[in-house]
Amino acid sequence: MPAAQNPSHDRPPTAAEARAAYLAAVGRITATGARDAAAEREELRDLSPELTRWLADRWLLAPGGERLSTPDRALRHIVSEHGRRLRETAERAGRDAEALDDVLSLLTAPRFDAREAVETEYFADREHTRKRLEELDALSREEFLAMRNSFPDAQVLDSSLAGDLDMLANGVRMRMLTSQQAVRSQAPARYLNALADAGAEVRVAPTVPLHMNILDRAIVIIGAGPGPQGEGGDVILHSTPVARCFCAVFTHAWDLARPHTESRPGRGRAGCELSAQEREVLALLATGAKDETIARRLACSDRTLRRLMNQIMEKLGTSSRFEAGVTAARLGLVN
């Protein structure tokens, strides 16, 4: 066979080379007018191993490598082989589906002697607890239940608010139950109002039995409270059955509480009271601009800018720049 029709032994043939070599071999075999088996075997011995393998993989070479197959016969072999594999796959999938149904049916079977090992985490340092809670909150997908009989300082609440608003924005249903004593301070009241504005359900009860979070009815975080030596801590329980029990406690207390409806000055009408300059300040704050940049943009002094910020927070009924930004976004005052 000419070199152009029988690709080099040093490399696999390209598809174009293999097709050309096949057609050339067929042409020489059929040129005599009668298909001579001995002549055909002799012709095929001259094919390179790489070309022989290419033809065999496509069923263009009969098993044994002594005869060429026509394209229509090769196509029938390929279709037949794929049909066989598909039937085997279907049978295997049917067996797997049956096995899956059988195993799933056993999950609800009573296990009288079974005991569940509950994964427990304990934190004596409240700062470590907060970091762990941030990790767990980020995993929450459906529901976040919280009981609060006290709140941390305003700085911690502002930090927590950002994560809570992210959860609400991601579609997590949040219900917050707190005691009357806990909301008497300004910082907790502002925090709860911001949550309610973002879509959280907030209720207040005379007393709350626990300081607790429940995530997706699967993870429970409980404040352990002070011990006999004054020690305290937080316990995290990873158990759906245990979480169900605490959900029942939460639901009972929730049903007895009243909605938190405290209103703040300026809510719902602050937008129409803001001047064009105040709106520009809010827009620049939303871009992350610093005070000096904003003052330069407005051609005003730092003192004038601080006065503008105080006016904005007073009109929006907020006490921090962060809360002012949240409220402005809710009212559609910034893009």
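Scroll up to find the structure this text is about.
Quantities reported herein were computed from a predicted structural model and do not represent experimental measurements. (Residues numbered from 1 in each chain as written. Predicted model: local features only at pLDDT ≥ 70, side-chain atom pairs only at ≥ 80, totals over all residues. Heavy atoms only, no water.)

J.: I'd like a description of the pattern of salt bridges, backed by residues and values.
T.: Counting across every chain of the model gives 11 salt bridges. A salt bridge links Glu81 to Arg85; its shortest N-O distance comes to 3.1 Å. A residue pair is termed a helical-turn pair when its members lie 3 or 4 positions apart in one helix, as Glu81 and Arg85 do in helix 4 (residues 71-107) at four residues. Overall, the relative accessible area of 45% leaves Arg85 in the partly exposed class. Close ionic contact of Glu88 with Arg84 constitutes a salt bridge, the shortest N to O distance being 2.7 Å. Here the residue Glu88 and the residue Arg84 both occupy positions in helix 4, the gap between them amounting to four residues, near one helical turn. (Salt bridge = Lys/Arg side-chain N within 4 Å of Asp/Glu carboxyl O. Helix = DSSP H or I, 4+ residues; strand = E, 2+ residues; numbered from the N terminus. Buried < 20%, exposed > 50% of the residue type's maximum accessible area, 1.4 Å probe, protein only.)

J.: Which residues make up the pairing of strand 6 (residues 219-223), and what values do they have?
T.: Of all the five residues making up strand 6, four are buried; the element is thus mostly covered by neighbouring parts of the structure. Taken together, the four bridges between strand 5 (residues 212-215) and strand 6 define a ladder with antiparallel strand orientation. Residue Ile214 lies in a different strand from strand 6, and its bridge partner there is Val220. Connecting the antiparallel pair strand 5 and strand 6 is a turn made up of three residues, with Asp216 showing a positive phi of about 50°. Pairing between strand 6 and strand 7 (residues 234-238): five bridges, direction antiparallel. Looking across to strand 7, one finds that Gly223 is bridged to Asp234. (Pairing = 2+ DSSP bridges.)

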